[in-house]
Amino acid sequence: MNVPSTTTSRRPRPGRITLRARLTLVHGLLFLVAGVLLLGTTYALFNQRLQADISRTEVSSPSAPSGGGPTRSAGPTLTGPDGRTYTGDDAQRFLQDTQDDLHAAATTSLITQGGIALLIVGGVAAGLGWLIAGRVLDPLHRVTDTARRIAAAPAADRGLHERIALGGPDDEVKDLADTFDAMVERLDRSFDGQRRFVANASHELRTPLALHRALVEMAMHRRTASDDVRRLGTDLLDINTRQEKLIAGLLLLAGAENHLPEPHPVDLADIAAHVIVQSGPEARRAGITVTHACETAPTRGDVLLLERAVQNLVENSIRHNVERGGHVHVTTRTDTDGTVVVEVGNSGPTVAPYEIPTLFEPFRRLGTERLVTAKGAGLGLSIVRTIVHAHQGTVTAVPRDSGGLTVTVTLPMTPLSAPGEPSDGTP
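The text that follows walks through the structure, step by step, so that each part is easy to find. Keep in mind that this is a model prediction, so the values were computed, not measured. Position numbers for residues start from 1 in each chain and track the written sequence from start to end. Two thresholds apply to this predicted model, a pLDDT of at least 70 for residue-level local features and 80 or more for giving and counting side-chain atom pairs, whereas whole-chain, interface and lining totals are computed over all residues. Side-chain measures here rest on the full set of heavy atoms in the structure, leaving out hydrogens and waters.

**Topic: the pairing of strand β6 (residues 327–334)**
Right, on to step 1. Pairing geometry for strand β4 (residues 289–294) and β6, over six bridges, is parallel. In the strand pairing of β6, Val-290 is matched with Val-328.
Right, on to step 2. Taken together, the seven bridges between β6 and strand β7 (residues 339–346) define a ladder with antiparallel strand orientation. Bridge pairing in β7 places Thr-332 opposite Val-342.
Right, on to step 3. Two strands qualify as a pair provided DSSP detects at least 2 bridges between them. Secondary structure elements are defined from DSSP: runs of H or I of at least 4 residues count as helices, runs of E of at least 2 residues count as strands, and each element is numbered from the N terminus. A loop of four residues connects β6 with β7, the two strands running antiparallel in sequence, and Gly-338 in this loop sits at a positive phi of about 80 degrees.

Structure (structure tokens):
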């Protein structure tokens with residue numbers, strides 16, 4: 001089973017921001033906002049304290065002259081750090097300059113240098129947030145990878161044996177993984193029961209029909225059998241044959257989605273030519289002309305299933321046709337987009353476009369007046385769709401303007417090996 005690698009599965013789509021990146025971004029922004037608020041609060045408190053300290057600065061005044069004469073103030077007097085004495089307006093200017101210098105130093109120290117330190121620490125916090133988010137989301141990656149491997153299995157019932165079996169603390173992520181394991185286990189049991197039912201039904205349904213056919217043939221071939229008994233036996237054998245085909249179709253429909261264990265290179269042109277030859281007697285009895293234009297169409301798959309799909313298309317085109325003078329045209333080709341195509345078109349009554357989707361459902365047929373014969377149980381196109389999907393292909397149907405349908409099957413192209421080369425592509 002082809003399993004996508006973990007690296008590919010975790011690669012984000014273009015234009016999509018991953019959950020890990022969003023968590024890292026939120027963590028980094030919250031840290032920066034908190035740091036800016038803390039830095040602003042610190043600056044405001046420091047500035048308030050600075051203003052209070054400056055307002056409490058003591059300014060000395062000169063002493064009054066001796067002799068009891070009148071006193072005349074000379075203004076405040078300050079002594080600077082350099083030993084100079086400032087009085088009057090000079091002291092006020094010196095005090096204001098000192099306050100401005102202290103304010104500028106506080107701004108530079110707290111805002112500028114603190115902002116740089118905050119950015120550096122914020123970057124480190126974002127990096128740590130990235131690592132922590134990756135560690136927290138790693139169990140979710142395991143859940144996603146397991147689910148993707150199961151979904152990428154070539155058949156619906158393959159890969160269901162896988163389990164996450166997540167260890168670690170009993171948290172929400174572990175609950176998710178355990179719930180996923182329980183769901184997959186239940187699906188696995190369901191598919192196992194279906195496989196057993198198909199196997200048992202194959203035996204229980206085919207055996208009575210085989211005994212019924214043998215008894216009818218014995219009664220018909222007796223020498224004492226009358227003409228009425230032989231006619232009744234012929235009718236019973238026709239009914240028996242129809243029931244056998246119905247059961248075979250149901251079993252094929254139930255098991256066609258199974259994994260193709262050993263797909264082999266096959267040319268759809270050869271299959272189409274073989275089916276046309278086999279369908280020749282039925283087409284001649286119905287008065288239908290079958291033509292073909294089969295070009296090489298190499299692909300890989302199960303030969304019997306692909307033959308059954310093409311056979312159903314051709315048989316449906318013959319049976320769902322006009323009474324006499326109808327035609328069926330079969331085409332196989334290789335397209336430039338790396339696919340191979342089988343196209344079967346037929347004449348017949350006009351089909352409404354809204355009826356097309358129902359034709360691919362089991363037991364869904366158009367009116368009985370559109371049937372050339374009474375054969376068929378409405379499983380033909382549903383079996384075709386199941387087989388084509390199992391081969392990673394598509395099938396579409398388009399009404400023809402002149403009546404009838406054109407059914408197109410598209411499959412991946414696989415070049416056929418040249419003579420002397422291995423068919424599986426290995427050296």
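**Concerning the environment of Gly-287**
Right, on to step 1. Relative to the elements of secondary structure, Gly-287 occurs in the loop between α7 (280–286) and β4.
Right, on to step 2. Residue contacts are defined here by distance: any two heavy atoms, one from each residue, within 4.5 Å place the two residues in contact. Ignoring any residue separated from it by four or fewer positions in sequence, one finds Gly-287 in contact with Arg-324, Gly-325 and Gly-326.

**Digging into helix α8 (residues 303–319)**
Right, on to step 1. The length a helix should cover is 1.5 Å for every residue beyond the first. With 17 residues, α8 should reach 24 Å at 1.5 Å per residue; the first-to-last C-alpha distance of 24 Å fits that figure.
Right, on to step 2. Buried means the residue's accessible area, taken with a 1.4 Å probe over protein chains only, is under 20% of the maximum for its type, while exposed means over 50%, and partly exposed covers the values in between. The buried fraction of α8 is high, at 13 of 17 residues.
Right, on to step 3. A 3.5 Å cut-off defines polar contacts: any pair of N or O atoms within that distance qualifies, except that in protein one atom must be a possible hydrogen donor and the other a possible acceptor, and neighbouring residues in sequence count only when both atoms are side-chain atoms. N-cap assignment for α8: the residue whose side-chain oxygen lies 3.1 Å from the backbone N of Leu-304 is Asp-302.

**Things to note about the sheet that holds β4**
Sheet strands pair via backbone hydrogen bonds, and the direction of the pair is either parallel or antiparallel.
Right, on to step 1. If you walk across this open sheet you meet the five strands as β4-β6-β7-β9-β8, and the pairing is mixed. Edge positions in the sheet fall to β4 and β8 (394–399), since each has one partner strand and no second. Geometrically, the sheet is characterised by an average inter-axis angle of 15 degrees between neighbouring strands, direction not taken into account.
Right, on to step 2. Where β7 lies against strand β9 (residues 405–412), seven bridges are found, and the strand directions are antiparallel. Bridge pairing in β9 places Val-340 opposite Leu-411.
Right, on to step 3. Axis lines are fitted to C-alpha atoms, over the contacting stretch for helices. Their N-to-C directions set the angle, which ranges from 0 to 180 degrees. Contacting β4, β6, β7 and β9, helix α6 (residues 268–278) crosses the sheet at an angle of about 165 degrees to β6.
Right, on to step 4. In the packing of α8 onto the sheet, contacts are made with β4, β6, β7 and β9, and the angle to β7 comes to roughly 25 degrees.

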